[in-house]
Structure formats: C-alpha cells, structure tokens
Amino acid sequence: MRKLILLLLTILLISCNASILMTNGEVTKPGNSSSKDNSSNSPVFSGEAPRTINATKSYYTNKIVIRWSSVEGADYYTLERCEHLTPEFDEDAVTFKEIEESILDTFYTDETNLKVGVYYTYRVKAHTFDGNVSKASIVTTGTILSSPSNISASKGTSISTIDIEWTQMPNVESYNIYRSTLSSVSGLESEYIATVQASRESYNLAYSYQIEDGKENGKELFFAIEGVGPTGNSAKISLPRSGYTFIPGAPSSPAVPYVTKADSTDSITLKFRSQGASCKYLIKRYYPGSSEMIIFSEDFGNELSSPDADGYYTYVDTDVKENVEYTYSVIAYNDIGSSPATVVTGYLLSPVRNVTLLPKNNIAEIGYELNFDEPVGAGDSQRTEKYCYQITGYSKDGNKLFNETKNEGNVVSLFRSVDKIVTKESQLKELWYIDVKVTLGSLESKVIQSEKIPMLPEPITTISASKNRKPLDSEEANINGVYPVTIKWESSFTGERILTRNGSDGSVKKFNITGGTEFVDTTGEILVIYDYFIDTSDSFGRTLGEIKHTGDSYGAITPNKFAAVLDSVSMKPFEIQTYVPAEYKQYWKKSKIAEMVGYGNASDLSTQMKALGTAEDKDHFGGGTIKYEASMEGVGGQIYFSYNNFGENENFKLTGNYEMHVNASGTGKAGSNTGGLTVKGMYPAKISLEKISVSNKAFVGSYIFTFSYSDGEENYEVKL
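Residues numbered from 1 in each chain as written. Predicted model: local features only at pLDDT ≥ 70, side-chain atom pairs only at ≥ 80, totals over all residues. Heavy atoms only, no water.

### Notes on the overall build of the chain
The helix and strand tally for the chain stands at six helices and 45 strands. Computed over its C-alpha atoms, the radius of gyration of the chain comes to 38 Å, more than 25% above the 27 Å expected for a compact globule of 720 residues. Overall, the chain is about 125 × 70 × 45 Å in size when its C-alpha atoms are taken along their principal axes. The buried share of the chain, taken over its 720 residues, is 48%. Considering only contacts within the chain whose residues lie at least 6 apart along the sequence, 62% involve residues at least 24 apart. As displayed, the chain offers around 34,400 Å² of accessible surface, 47% of which is attributable to carbon and sulfur atoms. Between the averaged position of the 68 positive side-chain charges in the chain and that of its 90 negative side-chain charges there is a distance of 5 Å. (Helix = DSSP H or I, 4+ residues; strand = E, 2+ residues; numbered from the N terminus. Rg over C-alpha atoms; globule rule 2.2 N^0.38 Å. Buried < 20%, exposed > 50% of the residue type's maximum accessible area, 1.4 Å probe, protein only. Contact = heavy atoms within 4.5 Å. Areas by Shrake-Rupley, 256 points an atom, 1.4 Å probe, with all protein chains shown as cover. Lys, Arg positive; Asp, Glu negative; His and termini not counted. Charge placed at Lys NZ, Arg CZ, Asp CG, Glu CD.)

### A word on the packing of aromatic side chains
Taken as a whole, this structure holds 36 aromatic pairs when the rule is applied. Here tryptophan 432 and tyrosine 433 contribute two aromatic rings whose centre-to-centre distance is 5.3 Å and whose plane-to-plane angle is 70 degrees, an arrangement assigned as edge-to-face. Taking relative accessible area as the criterion, tryptophan 432 reaches 23% and is therefore assigned partly exposed. Its end group placed over the ring of phenylalanine 107, arginine 67 keeps NZ or CZ at 5.2 Å from the ring centre. (Phe/Tyr/Trp six-rings, centres within 6.5 Å; stacked < 30°, edge-to-face > 60°. Lys NZ or Arg CZ within 6 Å of the ring centre and 35° of its normal.)

### Regarding the environment of asparagine 204
Its location among the elements puts asparagine 204 in strand E12 (residues 204-210). Here asparagine 204 falls in the partly exposed class, since its relative accessible area comes to 40%. Beyond its immediate sequence surroundings of up to four residues, asparagine 204 is in contact with Trp166 and Thr167. Looking at asparagine 204, its side chain comes within polar contact range of the side chain of threonine 167, at 3.2 Å. (Polar contact = N/O pair within 3.5 Å; in protein donor to acceptor, adjacent residues only side chain to side chain.)

### What about the pattern of salt bridges?
Summed over all chains, the structure comprises 29 salt bridges. With a closest N to O distance of 2.7 Å, arginine 285 and aspartate 317 form a salt bridge. On the criterion of sequence distance, the pair formed by arginine 285 in strand E17 (residues 280-286) and aspartate 317 in strand E19 (residues 312-317) is long-range, its members being 32 residues apart. When sorted by exposure, arginine 285 lands in the same class as aspartate 317, which is buried. Here aspartate 521 ties to arginine 501 by a salt bridge, and the two come within 2.8 Å at their closest N and O atoms. Separated by 20 residues along the polypeptide, aspartate 521 in strand E34 (residues 518-521) and arginine 501 in strand E32 (residues 497-503) bring together distant segments of the chain. Pair check on accessibility: aspartate 521 and arginine 501 agree, each one buried. Among the charged side chains, a salt-bridge network with shared partners connects Glu80, Arg123 and Lys125. (Salt bridge = Lys/Arg side-chain N within 4 Å of Asp/Glu carboxyl O.)

Below, the structure is given as structure tokens:
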C-alpha cells in the first residue's frame, strides 16, 4: 500500500510539472494590488502631487539623480526640468520642459545635456493610464560636480605673491589648488599647494601664492583648481592659468584705452600704448572653458605695425566667435622681466541665442510665445549704447505680419495669438516663423530665425490595422514571438506623418512615416492590444478633420509562444509565472493549488498524502475558475484540471479540462472529456490532446493547435 501511495504522489507531482513550452518573456500589469478583486480593491488615484522630491547636488560629475515620494494609485510619472545660472529661483520666471514622459519608478537619473555651473530645477507629476494627472510637486534643484572655469592668476601685480581668483561652482565643498612650472597642471609635474573651503558669503574666492624668493621671482607659473564635492569626490581638474611676480626694472603695464565690445561682427581690435623702443610685447587670450594661449609674441616672429601719432599699437584678432567673451592680457617685457599685464575683455556683436517659438495656452487666448536669450555683452555697463532687437513675424503665405523693436534689458519675449478654430485657408494667414536681429547703431548681427510652425496636416479619411491575421509566408515573428501588424490609411497627403500607437499596457510609441499610406509595425509585444492613429491636430487640439483610430489591432503569435503563454496564464500559473502580471505572481506561488502540488515534493509519506483532494481558485480579471482534483485509481493514480474561462490575463481565457491516468509502470494516457481545450480572447484556438500520451510519468507526444485567425483557421503541431 505504501508503494502504491508513493507511486501516486510521484505521478501527481510530475503531471503537474509537465510543461508545454517555456519562454523567458514577461508581461506586467501596472499597479500594486495583490487582492483577488482587482477592480474593487486597487488603489484609487489621489490626484495629489508627490509630497517630497530631492535631487543630488554635485554628487556626480555626469549625472543628477532625482527621487520623489510615490502617489497612491499613480501608474507613472513625468519629470520636468528648467535651468538657471544662479542659485536663486523664481518659478514664475522660468520655462519647464518635460525631459521624461513615462517613469514607472520613483527615481530618475538625468544625464541629458548637463552643463557645468548650471543649476537644474525639477518637478514631477503623477499620472494614471486613463489620463488623470496630479499637480506638480514642489521643486528641487540639483547640480553636477565641476571644477571652476572662470579663473585668473595675477601677472606682475606684486613682487612676492601671485593672486589666484575664481568663481565658485554650484554646491562644491572645497577647492584643491595645484601649481606647475609647465602649462600642463594635470600630470605628475604638478604640485598640490593648498585647499580653500567654499564660501557661503561670497560668489568668488581667492588664494595668494607666496613665491619662493630667489627661485620663482618673475617666473611664469601655472595654476589649476580641482572642485571637491560633498561626498569627497573630485571633479576633473580645471584648465591652467598663468601668473608671475613683478621684478623691479621691468616695464610698466601698457595702457589699453580701446578694445572692441560689439563694435564689429568679425574681429576684436585692441589698442595699447608703446612702452618704449626697448620693449617687446606679448598678448595672451582665453575664454570660459579654454586654455590660456599666446596669440601674439615678438619672440615667435609676430610683428606690429608702427605706433600711431599718439603712440598706440593696434592688434586685430580675427580668430574669434560669436557669443564668446574673450579675456586678453597685454604684456610688455624687456631683458629684466615682464610688466604687469593689462587685462581687458572684448566680444563681437552677436546674434541672440536659444530662440524658441512655443505654443502657449492662456485662459483667454491661445497662441505662440517667442523667447530668446540676450547675446554676450548684454548689460555691459562699459557700453554707452544699448542693443536693440528687431523682431519680424511672417505668415504661412510668406507675408510680413509685424515688425517690432525691443530694447536691451526688456523682457525678450513676444506673444502672438491665433484663432481657436482654423480652416485650411485661414491658417495661411497665421504666424509661421519669426526673425530676430540685434542692432547697435548702424551695425547689425546676422538674423536668427525661429523654427517654423508646421501646417496642420491633411486629415485621413480611413485608417485600419490587421488583427491576428494569418502570417504571410514572407513575414517573420519578432524576438517576442509576435508577427507584424499592417496599418493602412487613405488621405490626399502622402508625405511625412507621425503614427501613434497606444497599447493596452499603457505604452505609447510613435513612428515617423517618411511617406506613403501604409506602415508595417514589427515591434508588437505579447498580450498587448494596440490602437493606431495619425494625429492631425496641432498643439492646441485644432484639426482640419476628425482624427480616426484603427481600434483593437495586434499581430498573431507563433505556436511555440502561444504554448508558453497558455502554460503560464491559464494552465499552470501556480508553477509558471512568466506571463502572469507581476502583482499576482506571489499570489499564485502561495495559492492552495500550488501548496497541494508542492506536497508531492515532500520526502515523508504523511506530507505526500496531503496532495490528494481538491482545490479551486479564480483569476483576477474575469473571475474565471481553475479546479484541481487528485485521487488514487487502482494501482495507479489520476489527476484532473478543469478550467472555465480562466486566464490570469484579461485577454486570454481557457475553458475545458485535461486528465492523466498512470499505471504502476509510469506509463498511461492523457485525454479530455471536453474534446480538448478552448482558448478565447486575443488568440482564439482549440487544443487537442489526441497525440498526447504518458511515459515515465510525464506527457509525451504533440499538442495540436487550431488557431482561429481573423481570416481563417490554421493547424499546428507542437512537440513536447
């Protein structure tokens, strides 16, 4: 008797573990509910903004990590960012831009175009898949760790010290200073000389280097600075700046009464006074983020024209760029040493920067707002004449709409309203793009043009997409086991389009259609139903016609993938959770059926006996049932599984039963008193067990699948 019971329990264990096919895919359903009644007990979206949000402040040199508190019932989050150059932040004076539209976690690592010295302020919103959105959270500001770039070292201003000054970087704790006799201060030739703590009282910091008398007098030395963050990590060392002390007998510093400040669009001119026939001249130049370099030296063979009647030399620098402020050091030298440097800055008349023409929805009206950053030199008190901004708007039919002038220092933005209802003809009269030009007296910068507002797309008259059709001989399934979906539409326009795909899993994917009226989507996922549409509306929701959708569309799947899905979500979710939604995996691992099957693994007889009996459960979507029943049968055993619209996925339901009968030798038969199994949902099919038998206490043979495609049926045989 004991031998019979052990045999029966072994049969039960193996039959319950007989897999059809296994895969490594995983489909998850958003949400945190582990309750059986998903619809009634799932968290209700509160609509509140995340209560806390924090961003790292100079912890890393290449990223900022943002974390926030979860919102009950939220499916995903969107993150918005703005940037500013000073710690002060006015939420009403900045423009936030969305940098990530679908974050499933409560943290995000921002590595997108981060720049040194810039403060990045973030806020987050919670969303649900059905369109609910919370208010924005409070803001948090983060920075990347960097070394200073705006550094100067004194040149001949003292006989005993070289004064190093720099602008502090955001959230840096301290600065390590290095010195070298070579222009490279990053290698073994450099020497650490001091650490200066960051200051909360001043924007700039300074350090006086005491030269070694008798060895470093008048000698050119190079200094670089390394920023240290709050966690002790260091940024890449800065570019070096040179400095030296004054030696009595060296020339006086040359007077520089004139340097170009927006007086030219292609060169910067310096005038400096001659220090006598015995002197030679050296000019150095740097700009933020660059090394200091010699651009003129008589020792290198450069020559100056003769001084003018007032004794002034002229130097013209043509190797310059727009919107860059250049710092020049003009130095005279003789056989004794170098003069103190005369340091001046210059820049070209440059165009405006970062021109945007963005849609704005106001309470009373809709339209587009022009914004731009003022060019380099804006606000320079050394210029008596101010910039003017010539702003010209053009319509889509090419006509000039307006021409306005704004002065430097004014708010550089402009709002232009548009009609809430538009026709094919009326939109030709609306704003298309804007030109911005900087003027200073009679001098003009080049024109900067905003992006052109696109014309409203021609609507489509029909759109359709295939749905679980028979795969064509020329088609192959993707890595997910899903065959392509073909989308077709009709329209008088066959040019570039954006095709949008919304998935039943909450996913959104956009495809750029370069032309034509057909597209083949090869990126489908298992158990996800899609809806395709071509959005012919603009940013304000205006459209020239109705936006049409395909409705439910999805590709067929391979027989092997079908078998894996069947195994996981319907036949054995208590054992195989590959395609069971994530929130229900633990439920099925701990279910009564899983427990009874597990008893068969026990080594002692009393525990194995607990596998005999019945257990019943329901899925979490439609309440479909699964029933397990095991009993002794003669000198062998039998096990039944019955299903009634059961599937741990809303799109896959199984009905029918199967049974195994095994004798003492471990062989036997399998069958179904319901004529096989029936699957309803995305992939309708009949499953026959006519070629299934039992050997070594497990299923052998083949399953016969009859797939009911949208365009007919097809039979497949899948071997175990």
